[in-house]
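Read off the chains here:
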Amino acid sequence: MEVEPGSRVQFQIHAMGFVRNPVGGYILKAGVDPAGGEGCDATRWGAEQIANQGDGAILLDSPEVVAGQAGKVTVCAFAETQFAQVYHAAFFDDASVTVR
């Protein structure tokens, strides 16, 4: 995503995880790569939240970052089960990016 270099950027997204065994859940987080790199290797992640279907949709926040001189940022969403599960799914919706 193109932004003005030096602008402050934050990413928010709603997430929900379904797991067969609700003792476990999904590790969910949102982040922004301030350099606009491909993939999410250099992403600055927000706090991890652990949730399953009993928690409903939760809001994930990235930290606010300062866009680099390239004038691009990459937004990322992450989901991984806490434990190996045969049946599981994660869903993301209602994403927003705030640029200041």
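Time to look at the nonpolar core. The biggest cluster of nonpolar side chains holds 16 residues, and the ones touching the most others in it are Val9, Leu28, Val32, Leu60 and Val73. In terms of residues, this core owes the most to one element, strand E1 (residues 8–19), which gives 5 residues. Residues within four places of Leu28 in sequence aside, it is in contact with Ala15, Ala47, Glu48, Gln49, Ala51, Ile58, Leu60, Phe78, Ala79 and Phe92.

Okay, the side chain of Thr43 next. Its place among the elements puts Thr43 in the loop between strand E2 (26–33) and strand E3 (44–45). Within the structure, the side chain of Thr43 is placed 3.1 Å from the backbone oxygen of Cys40, a separation counted as a polar contact. Not counting residues within four places of it along the chain, the set of residues in contact with Thr43 comprises Gly31, Val32, Asp33 and Cys76.

On the surface, Met1, Val75, Val97 and Val99 cluster together to form a nonpolar patch covering roughly 290 Å² of accessible area. For Val97, the location among the structural elements is in strand E8 (residues 88–99). Residue classification places Val97 among the partly exposed positions, given a relative accessible area of 31%.

One ladder, built from 2 bridges, connects E1 with strand E6 (residues 65–66); its direction is antiparallel. Looking across to E6, one finds that Val9 is bridged to Val65. Two strands pair when backbone bridges link them, and E1 and E8 are joined in this way by 10 bridges, in the antiparallel orientation. Among the inter-strand pairings, Phe11 is bridged to a residue of E8, identified as Val97.

Quick look at the state of the cysteines now. Note: disulfide means a covalent bond formed between the sulfur atoms of two cysteine side chains. Per the stated rule, a full pass over the model turns up 1 disulfide. Note that Cys40 is cross-linked by a disulfide to Cys76, the S-S spacing being 2.0 Å. Taking the sign of the torsion about the S-S bond as the criterion, the disulfide between Cys40 and Cys76, at about -100 degrees, is left-handed. Of this pair, Cys40 sits in the loop between E2 and E3 while Cys76 sits in strand E7 (residues 74–81), and the two are 36 residues apart along the sequence. By relative accessible area, which is 33% here, Cys40 ends up partly exposed. Looking at Cys76, the relative accessible area reads 1%, which means it is buried.

Scanning the entire structure with this criterion turns up 2 aromatic pairs. Pairing Phe18 with Phe91 gives two aromatic rings, centres 5.7 Å apart and planes at 80 degrees, and the pair type is edge-to-face. Note that Phe18 is positioned in strand E1 and Phe91 in strand E8, a separation of 73 residues in sequence. By relative accessible area, which is 46% here, Phe91 ends up partly exposed. Where Trp45 meets Phe78, the ring centres are 6.0 Å apart and the plane angle is 65 degrees; that geometry is what we call edge-to-face. Taken together, the residues span a long stretch of sequence, with Trp45 in strand E3 and Phe78 in strand E7 at a distance of 33 residues.

Thresholds, definitions, all that
- Numbers given to residues run from 1 along each chain, matching the order in which its sequence is written.
- Residues qualify for local features only when their pLDDT is at least 70, as the model is predicted, and side-chain atom pairs are given and counted only at 80 or more; totals for whole chains, interfaces and linings, by contrast, use all residues.
- To get the side-chain values, all heavy atoms of the structure are used, and hydrogens and water are removed first.
- As used in this record, nonpolar core signifies buried Ala, Val, Leu, Ile, Met, Phe, Trp, Tyr and Cys residues forming a set joined through side-chain atoms within 4.5 Å.
- Exposure categories follow from relative accessible area, calculated using a 1.4 Å probe and restricted to protein chains: below 20% of the type maximum is buried, above 50% is exposed, and the middle band is partly exposed.
- Only runs of H or I of at least four residues qualify as helices and only runs of E of at least two qualify as strands under DSSP, and these elements are numbered from the N terminus.
- Any two residues whose heavy atoms approach within 4.5 Å are treated as being in contact.
- Counted as a polar contact is a pair of N or O atoms within 3.5 Å, where, for protein atoms, one must be capable of donating a hydrogen and the other of accepting one, and residues adjacent in sequence contribute only when both atoms are in side chains.
- Exposure above 30% relative accessible area and the absence of a salt bridge qualify a residue for a patch, where like charges join within 9 Å and nonpolar side chains (Val, Leu, Ile, Met, Phe, Trp, Tyr) within 5 Å.
- Here the Shrake-Rupley method, with its probe set to 1.4 Å, supplies the accessible areas, and only the displayed protein chains count as covering residues.
- The term salt bridge refers to a pairing of a side-chain nitrogen on Lys or Arg with a carboxyl oxygen on Asp or Glu at a separation within 4 Å.
- By definition, two strands form a pair when at least two bridges between them are found by DSSP.
- Here, two cysteine sulfur atoms that lie within 2.5 Å of each other are counted as a disulfide.
- Each Phe, Tyr or Trp ring (for Trp, its six-membered ring) is paired with any other whose centre lies within 6.5 Å, and the angle between the two planes then decides the class: stacked below 30 degrees, edge-to-face above 60, tilted in between.

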